[in-house]
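Single-letter residue listing:
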Amino acid sequence: MWWPPWLAACLAWAAGAGAGRPAALCASRGLCPAPPGANASQPGPGRCPRGASDLCAWPLSSHSLLDSFPIDVIQENYVRNVRNCVFSVVYPTPFKSRVRLVAVSKEVLENILDLDISVKGTSDFLQFVSGGKVIFGSVPLAHRYGGHQFGSWAGQLGDGRAHLIGIYTNRHSERWELQLKGSGKTPYSRTGDGRAVLRSSVREFLCSEAMHYLGIPTSRAASLIVSDDDVWRDQFYNGNIRKERGAIVLRLAKSWFRIGSLEILAHAGELDLQRRLLDFIIQEHFPSIAMDDSNRYLEFFSTVVSETANLIALWMSVGFAHGVCNTDNFSLLSITIDYGPFGFMDSYDPNFVPNTSDDERRYKIGNQANVGLFNLSKLLQALKPLLDPRQKQLASQILEGYGERYYSRFTELFKTKLGLLGKNEDDNYLIAFLLKLMEDTKADFTMTFRQLSEITQDQLKKLHIPEEFWALQDLGKHKLFSEWVSMYLLRLSRNKGDSDTKRRTRMTTVNPRYILRNWMAESAVQKAKLNDFSEVHLLQQILHHPFQRQQAAEKAGYSLRPPPWARDLKVSCSS
């Protein structure tokens, strides 16, 4: 009888279950229940009908990963240097205290995971999303990867406090990898405790979903759990260690593989495994690339270069700074992952740095495109052992085209933000002129574009800026504002078949009225520390529709000038 290579580790875990480890959920579970009616269609293999309310009928599996790669041969969970594998089998560590479900994303549960929202009220769901139980048949994994951090090779990193608890293929045939963050130690925890705290978990939960509704490719967040377990953190690395509460986010992505996933194998000289991983990624996530194409790695690299340029241009279009653009935080699928010390700009400032841990200001918002190029160069470096001389030369040429691709996408997005149609040789200058005025006057980035979407051309022409358009009033203090307005109105007059009403309608669909500003997230965090999660829920509701004016958001002041204390807020890598 054939035994899968990962079975021994699972059997070893089962033999020791109960010693602080999660129990199996639904050990006697069956297949998805058949839909009612004699002629009703059956769900496909590994899929549940929409609205399943019983986790026992919910198929979650890790087998596609377990069957594709060698697994860490060491079964014990202790920090070590791991070799010759992509994953280690390691189970979440349940909290010792009571756990509380703080929030869920209804859309993620119902439209991605095919679960009925009522499942959130079950004990099984609470245990599952807090790491207390695992779905029977699923094997939790921690991923081995490396990375360049702040420009230098950091060696082995990996999932130090995250567990991939299974893969789900939904009714749309979409494959989603589910991961708990903050769920305990793994072989990759280094000096960490495997936990995440409430403040950072609230921020990640809210921002993952906010970015999705802004139209930015991103991982998603399904749930937020808080415990009463003590977690100690030196938030600003100044020796002031404080007690905080442990929390867990259930987050989802089509794939959690990142540039560092390939880097670690290249650095270790594990080229056969690197080729195996790369082929798996291409086959699973890049369907346009033929697996029998000898240039498939070149095509893969070209796609990642193009999509990374697109992602960073999208970040810039909403004023988003990731904060820690290391290669271990850059997805090979070019989605936003690993929300840490991120920030949305208030006043426009190309030197904006949300992360107080970034002393050299390497990851300031205005440098993100350059950092993207650096990270892609490290990806190419990792791929080179798998490329022939001709392919290496072509890959270098592809990388040289990154800047043009980024600048083209950036210009396209900002033209759309300004309501410009067609092409004009002065468009780049018009955009740059506006950004310079915004920088000089410290005008609010988000509301400047939003208020340009709402103000009429007649009001602009007369330079009559109503008081409600406070960001434009700030911009109007610049001595060259009237000159820019004249250029802008002239350019709008060249929009063929357009009208002022059409322009404003068009612009309000791309320029958000609400973003997750740091002060808003901080306000929600401070209330959450007192077990008041009302603002978490409010922000969930508001950020679900960031382009629509909402009475609750206006009442909360989310479109007003940020409060003075917002300028003193700090976030760091400590989470």
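Cut-offs applied
- Residues numbered from 1 in each chain as written.
- Predicted model: local features only at pLDDT ≥ 70, side-chain atom pairs only at ≥ 80, totals over all residues.
- Heavy atoms only, no water.
- Helix = DSSP H or I, 4+ residues; strand = E, 2+ residues; numbered from the N terminus.
- Rg over C-alpha atoms; globule rule 2.2 N^0.38 Å.
- Buried < 20%, exposed > 50% of the residue type's maximum accessible area, 1.4 Å probe, protein only.
- Contact = heavy atoms within 4.5 Å.
- Areas by Shrake-Rupley, 256 points an atom, 1.4 Å probe, with all protein chains shown as cover.
- Lys, Arg positive; Asp, Glu negative; His and termini not counted.
- Charge placed at Lys NZ, Arg CZ, Asp CG, Glu CD.
- Pairing = 2+ DSSP bridges.
- Expected span 1.5 Å × (residues − 1).
- Salt bridge = Lys/Arg side-chain N within 4 Å of Asp/Glu carboxyl O.
- pLDDT = per-residue confidence, 0-100.
- Axes fitted to C-alpha atoms, helices over the stretch in contact; angles between N-to-C directions.
- Parallel < 35°, antiparallel > 145°, perpendicular 65-115°, else oblique.
- Left-handed = near helix turned anticlockwise from the far one by under 90°.
- Nonpolar A, V, L, I, M, F, W, Y, C, P; charged D, E, K, R; others polar.
- Patch = residues over 30% accessible without salt bridge, like charges linked within 9 Å, V, L, I, M, F, W, Y side chains within 5 Å.
- Core = buried A, V, L, I, M, F, W, Y, C linked by side-chain atoms within 4.5 Å.
- Polar contact = N/O pair within 3.5 Å; in protein donor to acceptor, adjacent residues only side chain to side chain.

1. A word on the overall build of the chain
Step number 1: Broken down by element type, the chain carries 20 helices and 14 strands.
Step number 2: A compact globule built from 575 residues would reach a C-alpha radius of gyration of about 25 Å, and the chain, at 25 Å, matches this within 12%.
Step number 3: With respect to the three principal axes, the spread of C-alpha positions in the chain is 80 × 65 × 60 Å.
Step number 4: Burial status across the chain gives 56% buried among its 575 residues.
Step number 5: Across the chain, every contact between residues at least 6 apart in sequence was considered, and the portion connecting residues at least 24 apart equals 72%.
Step number 6: Here the chain displays about 24,100 Å² of accessible surface, and carbon together with sulfur accounts for 51% of that area.
Step number 7: Measuring between centres, the 68 positive side-chain charges of the chain sit 2 Å from its 59 negative side-chain charges.

2. Brief notes about the pairing of strand 8 (residues 162-169)
Step number 1: A large share of strand 8 lies buried, amounting to seven of its eight residues.
Step number 2: Here strand 8 runs beside strand 9 (residues 175-181); their pairing, made up of seven bridges, is antiparallel. For Tyr168, the partnering residue across the bridge sits in strand 9 and is Trp176.
Step number 3: Between strand 8 and strand 9, which pair antiparallel one after the other, the connecting turn spans five residues, and Ser173 there sits at a positive phi close to 65°.

3. With respect to helix 8 (residues 296-317)
Step number 1: Helix length check: helix 8 (22 residues) gives 31 Å between terminal C-alpha atoms against 32 Å at 1.5 Å per residue, within 8%.
Step number 2: Note on helix 8: the residue one or two positions beyond its end, Gly319, has a positive phi of about 70°.

4. Some thoughts on the pattern of salt bridges
Step number 1: Per the counting criterion, the structure on display carries 37 salt bridges.
Step number 2: For Lys415, the salt bridge is made with Asp427, and the minimal N-O distance between the two is 3.3 Å. With Lys415 in helix 11 (residues 402-417) and Asp427 in helix 12 (residues 427-441), the pair connects residues that are 12 residues apart, well separated along the chain.
Step number 3: Take Lys415: its relative accessible area is 14%, and that puts it in the buried class.
Step number 4: We note a salt bridge from Lys436 to Asp440, for which the minimum N-O separation is 3.3 Å. Placement of both Lys436 and Asp440 in helix 12 is noted, with a separation of four residues, approximately one turn of the helix.
Step number 5: Exposure remark for Lys436: the relative accessible area of 43% places this residue in the partly exposed category.
Step number 6: One network of salt bridges, with partners in common, ties together Lys181, Glu204, Arg251, Arg258 and Asp338.

5. What to know about helix 16 (residues 481-492)
Step number 1: Counted at 1.5 Å a residue, the expected span for helix 16 with its 12 residues is 16 Å, and the 16 Å between its end C-alpha atoms agrees.
Step number 2: Each element contacted by the buried residues of helix 16 is listed here: helix 11, helix 12, helix 13 (445-454), helix 14 (457-461), helix 15 (470-475) and helix 17 (500-508).

6. A short note on unusual backbone geometry
Step number 1: A positive phi angle, close to 55°, is found at Asp114, a residue other than glycine.
Step number 2: You will see that Arg190, though not glycine, has its phi angle at about 50°, which is positive.
Step number 3: With respect to the secondary-structure elements, Arg190 resides in the loop between strand 9 and strand 10 (196-197).

7. Some points on the confidence of the model for the chain
Step number 1: For the chain, the mean per-residue pLDDT works out to 91, and 90% of the residues sit at or above 70.
Step number 2: Segment residues 5-18: pLDDT under 50, and 16 contacts once partners within four positions in sequence are set aside and those in other chains are kept.
Step number 3: Confidence drops under a pLDDT of 50 for residues 28-49, and excluding neighbours within four residues, the segment shows 37 contacts in the predicted structure.

8. As for the packing of helix 12 against helix 16
A pair of packed helices is characterised by two quantities: the angle between their axes and the separation of those axes.
Step number 1: Interaxial distance between helix 12 and helix 16 falls to 11 Å at its minimum, and their mutual angle equals 150°. Comparing the axis directions of helix 12 and helix 16 gives the class roughly antiparallel. Handedness of the crossing formed by helix 12 with helix 16: left-handed. The segment helix 12 lies against helix 16, with Asp427, Tyr429, Leu430, Phe433, Leu434 and Leu437 engaging Phe481, Glu483, Trp484, Met487, Tyr488 and Arg491.

9. A look at the packing of helix 8 against helix 9 (residues 368-383)
Step number 1: Two elements in contact, helix 8 and helix 9, have axes separated by 10 Å at closest approach and are oriented at 160°. Relative to helix 9, helix 8 is oriented roughly antiparallel. Viewed along their axes, helix 8 and helix 9 form a crossing whose handedness is right-handed. Across the interface between the two elements, Phe300, Phe301, Val304, Val305, Thr308, Ile312, Trp315 and Met316 from helix 8 touch Gln368, Ala369, Gly372, Leu376, Leu379, Leu380 and Leu383 from helix 9.
Step number 2: In terms of residue class, the contact of helix 8 with helix 9 is made up of 12 nonpolar, three polar and no charged.

10. Thoughts on a nonpolar patch on the surface
Step number 1: A contiguous nonpolar surface patch, about 300 Å² in accessible area, is contributed by Val73, Ile74 and Tyr78.
Step number 2: Structurally, Tyr78 can be placed in the loop between helix 2 (63-66) and strand 2 (87-89).
Step number 3: The class of Tyr78 is partly exposed, set by a relative accessible area of 42%.

11. What to know about the nonpolar core
Step number 1: Counting residues in hydrophobic clusters, the biggest one holds 127 residues, and the most contacted among them are Phe257, Phe300, Trp484 and Tyr488.
Step number 2: Here the element with the most residues in this core is helix 8; it accounts for 13 residues.
Step number 3: In terms of nonpolar packing, the next biggest core, distinct from the first, is built from 26 residues, Leu109, Phe125, Val129 and Trp176 among them.

12. Quick look at the environment of Asn518
Step number 1: The topology assignment puts Asn518 in helix 18 (residues 518-528).
Step number 2: Since its relative accessible area comes to 15%, Asn518 is described here as buried.
Step number 3: Sequence spacing of Asn518 and Phe344 is 174 residues, and the spatial spacing of their C-alpha atoms is 7.0 Å.
Step number 4: A polar atom in the side chain of Asn518 sits 3.0 Å from the side chain of Arg203.

13. Remarks on the side chain of Lys378
Step number 1: Following the sequence through the fold, Lys378 ends up in helix 9.
Step number 2: Buried Lys378, no salt bridge; nearest opposite-charge side chain is Glu263, N-O distance 6.6 Å.
Step number 3: Among all residues touching Lys378, those that are not within four sequence positions of it are His148, Glu263 and Thr327.

14. Considerations on the side chain of Thr186
Step number 1: As for its placement among the helices and strands, Thr186 is situated in the loop between strand 9 and strand 10.
Step number 2: Judged by relative accessible area, which is 0%, Thr186 ranks as buried.
Step number 3: Not counting residues within four places of it along the chain, the set of residues in contact with Thr186 comprises Asn77, Val79, Val90, Ala142, Asp159, Gly160, Ala162 and His163.

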